[in-house]
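# Per-entry structural report
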Amino acid sequence: QAQLVESGGGLVQAGGSLRLSCAASGRILSINAMGWYRQAPGKQRELVASIFRGGTTNYTDSVKGRFTISSDNAKSTVYLQMNSLKPEDTAVYYCYAHLRETILVFRNYWGQGTQVTVSA
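So, a few notes on the structure that sits alongside this text. (Residues numbered from 1 in each chain as written. Predicted model: local features only at pLDDT ≥ 70, side-chain atom pairs only at ≥ 80, totals over all residues. Heavy atoms only, no water.)

## Focus on the pairing of strand β3 (residues 18-26)
- As judged from the six bridges shared by strand β1 (residues 2-7) and β3, these two strands associate in the antiparallel manner. Looking across to β3, one finds that Ser-7 is bridged to Ser-21. (Pairing = 2+ DSSP bridges. Helix = DSSP H or I, 4+ residues; strand = E, 2+ residues; numbered from the N terminus.)

## Some points on the state of the cysteines
- Counted under the stated rule, the structure contains one disulfide.
- The disulfide that involves Cys-22 links it to Cys-95, with 2.0 Å between the sulfurs. Taking the sign of the torsion about the S-S bond as the criterion, the disulfide between Cys-22 and Cys-95, at about -80°, is left-handed. Within this pair, whereas Cys-22 is found in strand β3, its partner Cys-95 is found in strand β9 (residues 91-100), the two being separated by 73 residues in sequence.
- Residue classification places Cys-22 among the buried residues on the basis of a relative accessible area of 0%. (Disulfide = S-S within 2.5 Å. Buried < 20%, exposed > 50% of the residue type's maximum accessible area, 1.4 Å probe, protein only.)

## Digging into the sheet that holds β1
- Sheet architecture is open: four strands sit in the order β1-β3-β8-β7, paired in antiparallel fashion. Of all strands in the sheet, those with a lone pairing partner are β1 and β7 (67-72), marking the two edges. When the angles between neighbouring strand axes are averaged without regard to direction, this sheet yields 15°. (Axes fitted to C-alpha atoms, helices over the stretch in contact; angles between N-to-C directions.)

## Looking at the packing of aromatic side chains
- Taken as a whole, this structure holds three aromatic pairs when the rule is applied.
- Ring geometry for Tyr-37 and Tyr-96: centres 5.4 Å apart, planes at 75°, overall edge-to-face. Here Tyr-37 is found in strand β4 (residues 30-39), whereas its partner Tyr-96 is found in strand β9, with 59 residues between them in sequence.
- In this structure Tyr-37 comes out as partly exposed when scored by relative accessible area, which is 23%.
- Tyr-96 sits in the buried class, given a relative accessible area of 12%.
- Cluster of aromatic residues (ring-pair linked, three or more members): Tyr-37, Tyr-96 and Trp-110.
- Of note, Arg-19 hangs over the ring of Tyr-79, and the distance from its end group to the ring centre comes to 4.1 Å.
- Across the ring face of Tyr-94, the terminal group of Arg-45 is positioned such that the distance to the ring centre comes to 3.9 Å. (Phe/Tyr/Trp six-rings, centres within 6.5 Å; stacked < 30°, edge-to-face > 60°. Lys NZ or Arg CZ within 6 Å of the ring centre and 35° of its normal.)

In structure tokens:
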């Protein structure tokens, strides 16, 4: 079993910045991908950004140019730097990880969620 622990959410004014962190620990042989989803009230959960083994990244269109995902492989940690925040970025942000636990076992994990609130 592995665990994901998130940190870094909070309240910020429009135009401000926040940095989210998510650390994976436990039974991990390797990390295939990590990233962030978000869910706003009354909306479906959407994929915000991902980073894959090897460093490839992708972003949903609404955050391109404003958000940057990065990772520290030595710490099994993924970061989401969020700049130029808008009220529509308000949501609970969930970290996810696609982990290889053994040679044959792959599993998806989710963080507990962290609230990001952007005031107008």
